[in-house]
Structures are given as structure tokens and as C-alpha cells.
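# Reading the structure
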Amino acid sequence: MNVRRLSLAVLGVFGAGIVDASAMALNLYVDTKTSQVFTSPGAGRVKLGSFQQIDETKSSAAAEGQKLATASEVKQVEEKLNQRIDSVANKPKKPNEAKTQIDDKGIRFETNDGNFKFSMNGRLHTDADMFSGGDIVTYSDRNDDGRYNPATDGPVQNNRLTDGTEIRRFRMEFAGQFYKDWHFKMQPEIANGGGNGTVGIRDAFVQYKGFDWGSFVVGQSKQPYSFQQMMSSNDMVFMERSTEYEFTNRSVNRAIGLRYDLGGDWWGFSTGVYGDTATRQTSGTTTVDDEGWGGALRATLAPWYNKSDELLHIGASGAFRAPPSGQRTVRYAIAPTAISQFAYLDTGNMPDVQNSEFVDGEMVGIYGPLSFETEYNATWLNANDVESTHQLPAGNGFFQGAHVDVAYSLTGESRGSGYRADQGVLGRIKPEHNLDFHDGWGAFELKGRFMWVDMNQIADSATYGGGSQVASTFGGNWYFNNWARFMLDWTHVYSLNVGRAGVNRTVLDIPGNTTGDWDYVQARIDLHY
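Residues numbered from 1 in each chain as written. Predicted model: local features only at pLDDT ≥ 70, side-chain atom pairs only at ≥ 80, totals over all residues. Heavy atoms only, no water.

### Looking at the overall build of the chain
Along the backbone of the chain there are seven helices and 26 strands. Relative to its 529 residues, the chain shows a buried fraction of 47%. In the chain, of all internal contacts separated by at least 6 residues, the share reaching a separation of at least 24 is 65%. (Helix = DSSP H or I, 4+ residues; strand = E, 2+ residues; numbered from the N terminus. Buried < 20%, exposed > 50% of the residue type's maximum accessible area, 1.4 Å probe, protein only. Contact = heavy atoms within 4.5 Å.)

Written out as C-alpha cells, the structure reads:
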């Protein structure tokens, strides 16, 4: 509200004249937020003062004795009133007083001076899956002929592909800022965290952003490698990452280390050196406490980006990992879903691996409601070049895989608005109209994926060939609002070579088919707050 006009309005109420001391006084109060004037006290209102009304019943003679105020006198009253309103409305706020906000980013607190911030959010992913039938059968191939012989190979073991439900992720996240330049994040995983019902640690780091030439992260964080790795599970189009992500998950996942980040409006760069994980995890390079060391870097570029619904993103990553000297074994194993843990693609424990090298290429494109993402991931295993002190070395190996994802929003939303160029990641689409079963039905998204992985190219493939697979996934997502969505994925396996996996042979006991051409369906309720 214009303060001058407010003052004139108040003066008009009292006839814009010199008040009569004998008249009845009227107390006025101003709202500190809206600057509205009230005649009664209330929350957020401060008293302006007491004002007296002109007595209009006086005789003309008396009225003549009290002449109307001159223009200068009116101006003086107006200035005093303005000063009083300004002093109330612009009263300095205490620096350490905090304001609270709740939205799709969670619950946030921030002090008035901007020095301190704190937020609480989390995720709850509840999954279900169902397979087309049959078991995964393993047996000991003592004749080493790749076929089951009941007379010599002994009994078989049936490993059923599990139909069921699971809390896939249940994480709480606590993040914030102190003294503007210092940031932190802590993210415990309650579901499937550290194994055996324990709570695991996902992110736990401190970040300094006080430099113009980049920021530093110390603690446990994601190693900068590949688009899939850096994407949040809250924002992924599909329920699970593609099969070749196994190389990243086992060897270049979260770890404790030092990372450097630098980015701009159309590019990003990150690199870091890492050691162990904060929680011993089966997804690490090994299951021992000492997990060796490694490093990673990633560079991304967006040569075409209009800040809303058009994007071309390209990127490349590289990583190195050396297992601990006391246990130089690496194992890559791929299970169909998080619920069915039996890995039908499995190299077994490959001994005497000196180190592993990783290369990844990525591309993302968005045009309005249509988007695509493709990635190629390759891993080189370098065997010990000296006489083995453990088992016979598995030899050098080369594993690779790739995928192509396509998504289309039926309701017109674009993922381009959620692109973070400095980090090289995308956010999920946000519905134009939230689900309320009346005027709003949320957002609908169709999706398709083609993926393949090959883990057979290793020197001792007769023992450590991990198998290969070609598959596709189709489905849809229903976004209720910015907090919740329903996901449905149908995966069809076209070709499956189960490899060797040591002396164990693996077949799919699906009626009429043991080499592929089978299906599984997954569903998820995804709550992200």
C-alpha cells in the first residue's frame, strides 16, 4: 500500500483539521505486514497513536475560532504519520529468526540473514514383481560339457524367481547450509541399507562452495561416473537402472573420498579420488573392510538448451579401481529384480584382478514432451602380470553393455525444465494439474527401453564367463503430483546366455524354453517428499 495515500486517508477520516483536545480519542493500529490501518489491536498490529475527531456540533463562532489547518500543518501531520508507519513496517528482523517453507522439496528452514538453512525430505519406494514362471536351476557340471547328466552331475538346485513385494528404498535426508558457503547432506538408508536389517549410509558429506572456481566435497558421495549413476532414483523414468549398470554399481558406486565440482549454465565437470564405503555393502568391489582405492571423472556439455523444453546433452566418464592387495577378486552378478536376488548372469569370484578401468559415453535429448537417453558402458579387467599367489588368474577381460531409453508425456509436460547443466542430470516431469479426481488427473508418461549386456569376453571364459542378455522394457508412469507417482514396467528377455560361472551351470526351467524369451512385470508406488 502507498504510504502517502494511507496517511491522507487517515487524515481524511478526521477532517484533515487540527484536533480538539476535548474530543474523544481514537486509537489506531497498523499491520506490520500489509500496512493496513485498524481501530482495534490484533496479532501483528502495532499502535500508531491516539487521534481525536473534530466536533462538528460546535457553533459557527467557535468553529471560526478553530480554523482549518493550513497546508503546512497538514504536511507535518502527514510526515509524522509516515515516519511512524515506516518505523513499524521496516523494523529490522532478528538475523537468527527462521522462516519455514513446505513444498515439493520437503520441509525447509532458513534464517533471515541467509546464513543457515536446513531441510528434511526422503523417499519411500514400495515394489511388487511377478515372473512368467519357472525356476533358475543350477547344477555341478562335473563332465564340463555344458549339459546336465544325472548320473555324474549330482542333484540340481531350484532357485525360484520370486514373485512378491518389498520396500525397495526408505531413506531420510537431512541437508543444509551453515555460514552460506558450507553445505552438508546426510542420507541413511533404512530399507536394504547395510544388510541383515541394519541401517546403511548413502550420502554423508560436507561441501564447501566459497570459491568462484568450483566446490569441494569431503565424505561419502557418488563417484562422478555415467548418467545413470548420477541420476536420483526419484527422477528415473524406469524402476531400475539398465543391466550394464552392474559394472558401475559394483565398482564405482558411493565411497568416501574427495570430489571437485565445477559447472556453468551449459556444462559440468567433476572428478574425485575414493577409498572405502561408509557401510560395508555387498555392492562394493569386495565384501572386506578394505576395498582398495579408485578415482573417477565426468564431463558433460549441453550445446543446445533453451531452459524449458529443448535439450541436447552429451557426456563422457572414466574411472579406475584397484581392489585391496589382500583380496584381489572381483565379481559381477546381475539379478532380474531387487526382489528376486538370484543372479542368473554371474562371473563368479574372478581372482587376481590387478585393477579395472571403466569408460562410459552418454547422450540425452528432449524436444517438448519427447525425450531419449542412451549410454554405453565398458569395463576392462587387468589380470595380475606376475605369478599368482592366490588362485590361477582369470585373465584379462572386457565386459560391455548399452541401453536406449525413450519417454513421452501424454499430457504435454517436458523434462527439460528439470535439467541441471552443472550436474548433468534431469529431474522428473511435474504435472500441470495435480490428481484430484475432478478437474485434475496428474501427468501420464509412456516409456520404452532396449538393453544388452555381455560378460563373456574374458581369457578364462570357460570358468568365468558371466553370460549375456538382450532385453526390452515397456511401461508407463502416472504422476499424481510432485510428491507421488505410480510406475509399471514390463520386461521381455529375448536372448539369454547364462555363461559358465565356474563349475556351476545355470538354466531357466521354463516350460519349452531355456535360452530366453521370458517376461517379468514390476510395479511401484513412489513417494518422494
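Still more ground to cover, so stick around.
### Examining the packing of aromatic side chains
Counting across every chain of the model gives 21 aromatic pairs. Relative to Tyr260, the ring of Phe216 lies with its centre 5.2 Å away and its plane at 45 degrees, an arrangement referred to as tilted. Taken as a pair, Phe216 in strand β12 (residues 214-221) and Tyr260 in strand β13 (residues 255-263) lie far apart in primary sequence, 44 residues in all. For Tyr260, a relative accessible area of 19% puts it in the buried group. In this arrangement the basic side chain of Arg241 is found over the ring face of Tyr245, its NZ or CZ atom lying 5.0 Å from the centre. Here Arg449 stacks its cationic end above the ring of Phe238, 4.2 Å away from the centre of that ring. (Phe/Tyr/Trp six-rings, centres within 6.5 Å; stacked < 30°, edge-to-face > 60°. Lys NZ or Arg CZ within 6 Å of the ring centre and 35° of its normal.)

### Things to note about the pairing of strand β6 (residues 117-131)
When a strand is regular, its side chains alternate between the sheet's two faces. Bridge analysis of strand β5 (residues 106-111) against β6 gives four bridges, and the strand direction is antiparallel. Residue pairing in the sheet places Ile107 in a bridge with Met120 of β6. Hairpin geometry of β5 and β6 is characterised by an intervening segment of five residues between the two adjacent antiparallel strands and by a positive phi of about 75 degrees at Gly114. Across 13 bridges, the pairing between β6 and strand β9 (residues 164-178) is antiparallel. Looking at β9, one finds that Met120 is bridged to Phe174. (Pairing = 2+ DSSP bridges.)

### A few points about the side chain of Arg259
Mapped onto the secondary structure, Arg259 falls in strand β13. Engagement of the side chain of Arg259 in a polar contact is seen with the side chain of Ser221, the distance being 3.3 Å. At 2.9 Å, the side chain of Arg259 and the side chain of Asp261 are in polar contact. Setting aside residues no more than four positions away along its own chain, Arg259 makes contact with Ser215, Phe216, Val217, Ser221, Lys222, Pro224, Thr271, Gly272 and Tyr274. (Polar contact = N/O pair within 3.5 Å; in protein donor to acceptor, adjacent residues only side chain to side chain.)

### Looking at the pairing of β12
By the criterion of burial, β12 is predominantly enclosed, with six of the eight residues buried. Strand direction decides the pairing type here: strand β11 (residues 200-211) and β12, joined by six bridges, are antiparallel. Considered in β12, the bridge of Gln207 is made with Val217. In this antiparallel pair of consecutive strands, β11 and β12, the connection spans two residues. As judged from the seven bridges shared by β12 and β13, these two strands associate in the antiparallel manner.

### Considering the environment of Phe480
Along the chain, the position of Phe480 falls in the loop between β23 (468-479) and β24 (484-497). Counting along the chain gives 44 residues from Phe480 to Asp436, while the straight-line C-alpha distance between them is 8.5 Å. Once residues within four sequence positions are removed from consideration, Phe480 is found in contact with Pro431, Asn434, Leu435, Gly442, Arg485 and Phe486.

### Regarding unusual backbone geometry
Positive phi is not limited to glycine here, since Tyr179 has a value of about 55 degrees. Notably, Lys180 is not glycine yet its phi reads approximately 65 degrees, a positive angle. Among the structural elements, Lys180 can be located in the loop between β9 and β10 (182-189).

### A short note on a nonpolar patch on the surface
There is a patch of nonpolar side chains on the surface, built from Ile314, Met363, Leu370, Phe372, Val404, Val406, Tyr408, Leu410, Phe437, Trp441, Phe444 and Leu446 and spanning about 1100 Å² of accessible area. Mapped onto the nonpolar patch, the elements with two or more residues apiece are β20 (370-383), β21 (397-409) and β22 (443-454). Examining the composition of the nonpolar patch, we find that three residues originate from one element, β21, more than from any other. Along the chain, Val404 falls in strand β21. (Patch = residues over 30% accessible without salt bridge, like charges linked within 9 Å, V, L, I, M, F, W, Y side chains within 5 Å. Areas by Shrake-Rupley, 256 points an atom, 1.4 Å probe, with all protein chains shown as cover. Salt bridge = Lys/Arg side-chain N within 4 Å of Asp/Glu carboxyl O.)

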